[in-house]
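# Residue-level structure breakdown
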Amino acid sequence: MSIYSTPSLNYSAQPWWGNQSLATSLAGLVGSQLGTPNFYTQAPYFAYGLSGGNVTSLYNNGSGTQLVSYSTNASYWTMYLISMVGPAPSITNLAAFNQSLTNASSTVSMTGVGMPALSMEGAHHRTLLDSGLTRSAGNGVGVWATADAAHFNSSDSDMQIAEVGVYKDIGTARLGIGTGQVWDRQGLSLGGHATNSGQYFLAEVDKLFTPNVEGSITGYYGSFNTKVSRNYQNGASIDTSTGNTDTTSSSVRIRLDLLNVATIAKFALSPYAAYTWSRADVGAYTEFGGSFPVSYNANNSTGNNVRVGLGAKKALSGSTDLVLNTEVVHGFEDNMPGTSGQIIGVSGFALPGQNVRQTWARLMADVDHRLTDKSLISVGLNAGTQGGDPSYGGTISYRASF
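Residues numbered from 1 in each chain as written. Predicted model: local features only at pLDDT ≥ 70, side-chain atom pairs only at ≥ 80, totals over all residues. Heavy atoms only, no water.

## Description of the packing of aromatic side chains
Describing an aromatic ring pair means giving the distance of the ring centres and the angle of the ring planes. According to the stated counting rule, one finds five aromatic pairs in the structure shown. Ring geometry for Tyr-200 and Tyr-220: centres 4.7 Å apart, planes at 20°, overall stacked. With Tyr-200 in strand 9 (residues 193-210) and Tyr-220 in strand 10 (residues 213-234), the pair connects residues that are 20 residues apart, well separated along the chain. Taking relative accessible area as the criterion, Tyr-200 reaches 0% and is therefore assigned buried. (Phe/Tyr/Trp six-rings, centres within 6.5 Å; stacked < 30°, edge-to-face > 60°. Helix = DSSP H or I, 4+ residues; strand = E, 2+ residues; numbered from the N terminus. Buried < 20%, exposed > 50% of the residue type's maximum accessible area, 1.4 Å probe, protein only.)

Below is the structure:
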């Protein structure tokens with residue numbers, strides 16, 4: 001902050017000179033954080049123009065931003081004005097800056113679509129009926145506890161979940177409900193990042209129509225707090241603006257399994273097909289800090305995919321099974337959602353979405369080990385080409401029936 005005791009100083013050197021909107025935004029942000037040096041009651045001024053020989057300035061009076069002016073001939077005034085130290089902020093690489101905007105909005109939204117995938121295509125890539133425990137064990141009531149971790153190449157995201165649930169058998173159907181916690185950290189351009197944390201609920205209904213035909217429906221809903229730290233180039237340095245918002249994710253999967261249709265090399269083969277719909281909604285939010293903070297409009301992403309797979313199960317011993325799955329997935333969306341908002345005090349923007357991979361493949365391997373006739377531990381690994389599911393990950397779960 002500089003003391004300007006004479007009006008002959010070059011006010012126009014300030015980047016907000018001639019930009020009342022930017023001066024208003026900055027005066028509101030600074031407020032009285034630097035004290036009230038002007039007449040001992042007023043916050044620092046942002047001078048932005050000349051009017052009738054007077055310098056027009058803005059300052060925050062504690063209850064809002066108020067316009068004031070003073071005479072350039074009033075030599076007895078000592079005005080404290082905000083002054084830039086070093087070069088004025090500038091967007092030196094517009095393409096890179098726009099990429100940072102896309103990262104912080106549409107890519108974060110796509111991560112919201114991916115959050116159900118870790119649960120539904122992690123431990124739940126096998127239905128609750130395919131638990132490794134026979135349906136006749138106990139009275140048809142069971143519980144599960146699962147932990148998953150995975151990396152998504154498409155969004156540079158590392159995600160973990162912990163989930164517990166309970167199920168009940170009714171005739172040839174199994175009904176289950178569960179709840180889980182998600183932790184996610186996503187890398188953004190120039191070292192920025194976004195984090196998601198929150199809870200979700202999952203419900204699944206499986207039905208054996210015949211001994212070899214199983215149908216299932218799985219639903220998911222989660223609510224998460226999203227924090228975004230966006231990095232971008234400002235002149236020769238890297239600047240950071242941060243924001244906070246809420247994300248909700250929903251997903252529904254419909255699946256059909258044909259059980260034990262053939263046996264090859266002691267592997268029982270079970271083909272399956274599934275359709276999954278997902279949606280993520282990211283709330284509008286405004287960034288703070290940095291030279292070019294942005295106000296984002298609300299954003300949403302949807303995903304629709306079909307997957308066709310083959311499961312193969314083989315007993316390794318009387319208490320241990322190996323289960324292998326391979327599948328191909330096709331997504332119907334070919335673009336991320338667009339990004340729109342306002343660079344505060346500068347201009348609005350509307351950027352198109354980027355292309356996404358539509359078809360990918362996955363491999364999964366699980367080992368089920370029964371501790372008793374009514375309890376089991378399962379450990380699994382998975383890997384896939386780039387797409388909407390985890391690129392690689394692992395899962396461990398415990399299941400028990402009563």
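## A word on unusual backbone geometry
The phi angle at Asp-156 is positive, at roughly 50°, despite the residue not being glycine. Here Asp-156 shows up in the loop between strand 6 (141-152) and strand 7 (157-170).

## Regarding the nonpolar core
Judged by nonpolar contacts, the single largest core of 15 residues is most densely connected at Phe-97, Leu-101, Val-228, Val-294, Tyr-296, Ile-343 and Phe-349. Listing elements by their share of this core, those giving two or more residues are helix 2 (94-120), strand 10, strand 15 (294-296) and strand 19 (347-351). Per element, the largest residue contribution to this core is four residues, and it comes from helix 2. Ranked by size, the runner-up nonpolar core spans 12 residues in total, among them Ala-150, Met-159, Leu-202 and Phe-224. (Core = buried A, V, L, I, M, F, W, Y, C linked by side-chain atoms within 4.5 Å.)

## Observations regarding helix 1 (residues 20-30)
Of all the positions in helix 1, only Leu-22, Ala-23 and Ala-27 are classed as buried. For helix 1, the arc enclosing every buried residue in end-on projection is 130°, short of the 170-degree limit, so these residues lie on one face. Gly-31 sits one or two residues past helix 1 and shows a positive phi near 55°. (Arc of directions from axis to C-beta.)

## Points about the sheet that holds strand 15
In sheet architecture, strand pairing relies on hydrogen bonds along the backbone and comes in two forms, parallel and antiparallel. Reading across the sheet, the four strands line up as 14-15-18-19 and stay open at both edges, with antiparallel pairing between neighbours. The open sheet terminates on both sides in strands that have one partner only, identified here as strand 14 (285-286) and strand 19. Bridge count for strand 18 (residues 339-343) against strand 19 is five bridges, and the pairing is antiparallel. Following the sheet pairing, Ile-343 is matched in strand 19 by Ser-347. (Pairing = 2+ DSSP bridges.)

## Quick look at the pattern of salt bridges
Counted according to the given criterion, the structure contains 14 salt bridges. For the salt bridge of Asp-368 with Arg-126, the shortest nitrogen-to-oxygen distance reads 2.7 Å. One end of the pair, Asp-368, is in strand 20 (residues 359-372); the other, Arg-126, is in the loop between helix 2 and strand 6, with 242 residues separating them in the sequence. Accessibility expressed as a relative area gives 0% for Asp-368, which makes it buried. Assessed through its relative accessible area of 4%, Arg-126 is described here as buried. The network of salt bridges with common partners includes Glu-121, Arg-253, Arg-307, Glu-327, Arg-362 and Asp-389. (Salt bridge = Lys/Arg side-chain N within 4 Å of Asp/Glu carboxyl O.)

## A closer look at the environment of Thr-248
Considering the arrangement of structural elements, one finds Thr-248 in strand 11 (residues 237-258). In contact with Thr-248, not counting residues within four places along its chain, are Tyr-221, Gly-222, Ser-223, Arg-279, Ala-280 and Asp-281. (Contact = heavy atoms within 4.5 Å.)

## Some words on the pairing of strand 8 (residues 173-187)
Regular strands show a simple pattern: their side chains alternate between the two faces of the sheet. Pairing of strand 7 with strand 8, which is carried by 14 bridges, proceeds in the antiparallel orientation. What sits directly across from Val-164, in strand 8, is Thr-179. Between the antiparallel neighbours strand 7 and strand 8 lie two residues, among them Gly-171 with a positive phi of about 65°. In this structure, the hairpin formed by strand 8 and strand 9 is closed by a connection of five residues, where Leu-190 is found at a positive phi of approximately 60°.

## What about helix 2?
In a regular helix each residue adds 1.5 Å, so 27 residues correspond to 39 Å; helix 2 covers 39 Å between its end C-alpha atoms and thus fits that length. Its maximal kink placed at Asn-103, helix 2 deviates by approximately 35°. (Expected span 1.5 Å × (residues − 1). Bend = angle between axes of the 7 residues up to and from the residue.)

## Some thoughts on the confidence of the model for the protein chain
When pLDDT is averaged along the protein chain, the result is 83; 83% of the residues meet or exceed 70. Counting interchain partners and residues more than four positions distant, the pLDDT-below-50 stretch residues 1-9 has 25 contacts. Confidence drops under pLDDT 50 across residues 71-78; counting only partners more than four residues distant or on other chains, this segment forms 14 contacts. (pLDDT = per-residue confidence, 0-100.)

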